[in-house]
Amino acid sequence: MVKISIITVSFNSAKTIEDTVKSVLSQNYSNIEYIIINGGSKDETETIVKKYGNKITKFISEKDKGIYDGMNKGYKMAT
């Protein structure tokens, strides 16, 4: 079975991140690797993501150089 990597890049996304996480986690394909890269948000994004901690494969929250830097980090973490 092929593994699918889903990468979500976020920054100050408290209003939308929970819907995004729930959408990914609701998929019925069983071999999904879910990676979330948070660019050091100043809102509640990290707190919301951590509620789903054991269902998210990898999560990092650190200042980055923008959306493409975040995407590249996620890509490098994907297996």
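Check the entry above for the structure.
All chains use their own residue numbering, which begins from 1 and follows the written sequence. Since the coordinates come from a predicted model, pLDDT governs what is reported: local features require at least 70, and pairs of side-chain atoms require 80 or more to be given and counted, while whole-chain, interface and lining totals use all residues. Only hydrogens and water are set aside when side-chain values are computed; all heavy atoms of the structure are taken into account.

Draft legend 1. Up close: the overall build of the protein chain. Scanning the protein chain for helices and strands turns up three helices and three strands. A run of DSSP states H or I qualifies as a helix once it reaches four residues; a run of E qualifies as a strand once it reaches two. Both are numbered from the N-terminal end. The order of α-helices and β-strands along the protein chain, N terminus first, is β-α-β-α-β-α. The C-alpha atoms of the protein chain give 12 Å as radius of gyration, which agrees with the globular expectation for 79 residues (12 Å, within 12%). Along the three orthogonal principal directions, the C-alpha set of the protein chain runs to about 35 × 25 × 15 Å. Each residue is assigned to one of three classes by its accessible area relative to the maximum for its type, calculated with a 1.4 Å probe on protein chains only: buried under 20%, partly exposed between the two thresholds, exposed over 50%. Burial statistics for the protein chain: of 79 residues in total, 30% are counted as buried. Working rule for contacts: check all heavy atoms of both residues, and any pair within 4.5 Å makes them a contact. Across the protein chain, every contact between residues at least 6 apart in sequence was considered, and the portion connecting residues at least 24 apart equals 68%. The atom set for the radius of gyration is the C-alpha atoms, and the globule formula is 2.2 Å times the number of residues raised to the power 0.38.

Draft legend 2. Local environment of unusual backbone geometry. Unusually for a residue other than glycine, asparagine 12 sits at a positive phi of about 50 degrees. The residue asparagine 12 is located in the loop between β1 (4–10) and α1 (17–25) in this model.

Draft legend 3. Spotlight on the sheet that holds strand β3 (residues 58–61). Spatially, the three strands line up as an open sheet ordered β1-β2-β3, and their pairing is parallel. Strand pairing shows two members of the sheet lacking a second neighbour, β1 and β3, which therefore form its edges. Averaged over all neighbouring strand pairs, the angle between strand axes comes to 10 degrees, with direction disregarded. Bridge count between β1 and strand β2 (residues 32–38): seven bridges; the pairing is parallel. For isoleucine 4, the partnering residue across the bridge sits in β2 and is isoleucine 32. All axes are obtained by fitting lines to C-alpha atoms, using only the stretch in contact for helices, and the reported angles, taken between N-to-C directions, cover 0 to 180 degrees. Packing against the sheet, α1 makes contact with β1 and β2, and its axis sits at approximately 165 degrees to β2. When DSSP finds two or more bridges between two strands, those strands count as paired.

Draft legend 4. Main features of the nonpolar core. Among the buried residues, those of types Ala, Val, Leu, Ile, Met, Phe, Trp, Tyr and Cys that are joined through side-chain atoms within 4.5 Å form a nonpolar core. Grouped together as the largest cluster of nonpolar side chains are nine residues: Ile17, Val21, Val24, Tyr34, Ile36, Ile48, Val49, Tyr52 and Ile56. Where this core is concerned, the elements lending two or more residues are α1, β2 and α2 (45–50). Broken down by element, the residue count for this core peaks at three residues, all from α1.

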